[in-house]
Amino acid sequence: MVHLLLKFRNTVVRVFSLLIFLIATTTAVTAQDENTVMITSPDGAVTMTVASADGGLTYAVTYKKTPVVTSSRLGLVVDDQVFGEDATVGKAEKYSANEKYLTRGAHQVALNKYKGARIPVASEKAPFVLDVRVFNDGVAFRYLIESKDKAVVEKELTRFDFPAGSIVWSQPESNGSESPYSRKKLEAFKANEQISLPATIVLPGKAAYAAVTEAGLVNFAGMSLVADGKQGFAAQLAGDTRRTGKLSTPWRVVLVGKDLNTLVNSDVVTSLSPAFSWKLFPNAYNTRWVDPGRCVWSGLAGRGPVTLENMKYFTDKAAALGYEYNLVDEGWGHWKEGKRDHWDLMKELVEYAAKKGVKIWVWKAYPDRRGIIGLEKEGERKAFFKKCKELGIAGVKIEYFDVDPDAQDIVQFCQTALQDAAAQQLMVSFRGAGKPTGEIRTWPNEMSREVVRGQELNPPWAPANVTLPFTRLLAGHTGYVPVQFGKQRGEVTWAHHIASMAVLSAPVVFVAADPQSIIQNPAVRMMQRIPTTWDETIVLPQSEIGELVVYARRKGTTWFLAAMNGQDEAKTVKVDLAFLKRGNYTLHEVSDTSGKQDSVALNSRRMSRWSSLKLSLNPYGGYIGRFEKIIPKTAPKPEPAPEQVPAPSARPALPPTIPAVPKKTAPEK
């Protein structure tokens, strides 16, 4: 009998303990008092507090009780009416999510896990709902306003104030966001100084990292920030937004985490965007015509004009490299040969390329340009896309947004262009458009979006290459056009350029280098094997914004280790290989040649997760290694020899227009 009583008591204790645990872990929205609502992330680390006091509405964000965003104003001005004044918060409607979905970027599978609350904000003249979601690695909120009439959003009053002593990495606001990022103390910003998004914030003492951006930007003006010269920034919209009916703003996002790896791997931005249409993309990111890859491009290659014959030449080179695409730049719209117009000649090129296993991308302007009709008007855009589909063109690169790319009409153009292109099974790349805000989840056919200071401009390259992964790329993929071996190589080493392919990536990478220079480079085999999409990414702890990037990235069972030095001094970096799985790997390495920027050293060796690896980086140097899993066999394998560029007789024959690889380019051992 005693035994049964003790067993019953222990069962009651376990049940009671479980109930206490469930209550503690599921209660994520609390009210400290009638004027305050707190929302806490599923893991309890991130908290957003919304409060009404003295007639105003504010919010604050903490990470493990460390202030990230200090008390900051909330509000909008719509039709001269201020939303957020004379306001009080009501009882929050709680909701949550915990789901996984396919994505492309730092990894293949994304996690959408948050605690949310829709908070009614009462006001005699301007009531609205503040929709809040708190993730384990960030917070997001938006304004919801019920309306049946036309409305004009004239101004946003949202502020982002940070703790004193914070460091801000940002770039000045400019069309196309092609200004360089720089490091500045929060207090050093002058009043009315405008910066683009995303901006990255390092809290005092590196207590945490944060980044401000936006997500779910559809049919609304984009946001930048304006400094107040004190302790923070105010939201700045790119002109008025005109809407009819229910009004919902884009999500205002603050990413937060303990380190750079957390920021780089955050899924907050894509999780806040609508999922794709299964009708348009029946196999999600594996839909047949949505095909990542590498693309040669004549724009910076210095190989002559955009003629049909020259584009056949570039197609030959793409085939020789095993690259999937060739981009035909501006100028093809003026092709003419006797009675044959540009479409006839483009058809010839597409058919020529198809025989070599290469597909064609074409360049197209948004406005009418140089006598050629652009894509701005719906009818002309749809007709152009239809013609591209008929010819077998794979994708369209759209450029020359000659107005503010964050303006409402340009934002909406990008959405409709992606939809119209998807209807014709075309991929799209944007140059000069606004920052990504999660479009890749809604439109898997968006393969790159520039919004970056790329290699179309002038060196130096190193400062950007070691800053962009932790600033601009937090918003989404880019169109950086990596790699140069000629006059545009700048101050960085060949290995640095090659490593940039693995770090500054997008589903379709448009390579800047003359493809012949890639064919002749000793590291050609590495550049043929770097993927453009990844299953897993780890930012190693040696990484520092503006100084050093060290990435480990996995595709299938193969790992890549990429490092870029952003400083004018040599560095030695010891790497922990714990990211490797069990078993042995063959490591193929492309390293700097000491004291020489335009050269590489190749090496191959056997490694495991227990091996030690030390990288020697030149000033502005780089490194990239490829770890290939060794399949165990009964007989032991000898130590692998360094990866070689095969002699011309051992390689697949190159097209007649491309010289064979000369023996002098054989790799150093």
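A brief look at the structure comes next. (Residues numbered from 1 in each chain as written. Predicted model: local features only at pLDDT ≥ 70, side-chain atom pairs only at ≥ 80, totals over all residues. Heavy atoms only, no water.)

Scanning all chains against the criterion turns up 34 salt bridges. For the salt bridge of Lys312 with Glu309, the shortest nitrogen-to-oxygen distance reads 3.7 Å. You can see Lys312 and its partner Glu309 sitting in helix 4 (residues 308-321), three residues apart, about one turn around the helix. Of the residues examined, Lys312 reaches a relative accessible area of 12% and is grouped as buried. (Salt bridge = Lys/Arg side-chain N within 4 Å of Asp/Glu carboxyl O. Helix = DSSP H or I, 4+ residues; strand = E, 2+ residues; numbered from the N terminus. Buried < 20%, exposed > 50% of the residue type's maximum accessible area, 1.4 Å probe, protein only.)

Bringing unusual backbone geometry into the picture now. A negative phi angle is the norm for most residues apart from glycine, just as the trans form is the norm for most peptide bonds. Residues Leu197 and Pro198 are joined by a peptide bond in cis, for which omega reads 0 degrees. Here Pro459 and Pro460 are connected by a cis peptide whose omega angle stands at 20 degrees. With phi around 55 degrees, Asp54 is a residue other than glycine that occupies positive phi space. Within the secondary structure layout, Asp54 lies in the loop between strand 3 (46-53) and strand 4 (56-63). The backbone phi angle of Asp79 is positive, close to 50 degrees, even though this residue is not glycine. Positionally, Asp79 belongs in the loop between strand 6 (76-78) and strand 7 (81-83).

Read from one edge of the open sheet, seven strands run 30-29-28-27-26-25-31, paired in parallel fashion. The strands lining the two open edges of the sheet, one partner per strand, are strand 30 (446-449) and strand 31 (508-511). On average, each strand axis in the sheet is tilted by 25 degrees relative to the strand beside it, whichever way the strands run. Looking at chain direction, strand 26 (residues 325-328) and strand 27 (residues 359-365) are connected through four bridges and run parallel. For Tyr325, the partnering residue across the bridge sits in strand 27 and is Lys359. Across the sheet, helix 4 touches strand 25 (293-297), strand 26 and strand 27, and the angle it forms with strand 26 is around 155 degrees. Against the sheet, helix 5 (residues 342-355) contacts strand 26 and strand 27, and its axis sits at roughly 150 degrees relative to strand 27. (Pairing = 2+ DSSP bridges. Axes fitted to C-alpha atoms, helices over the stretch in contact; angles between N-to-C directions. Contact = heavy atoms within 4.5 Å.)

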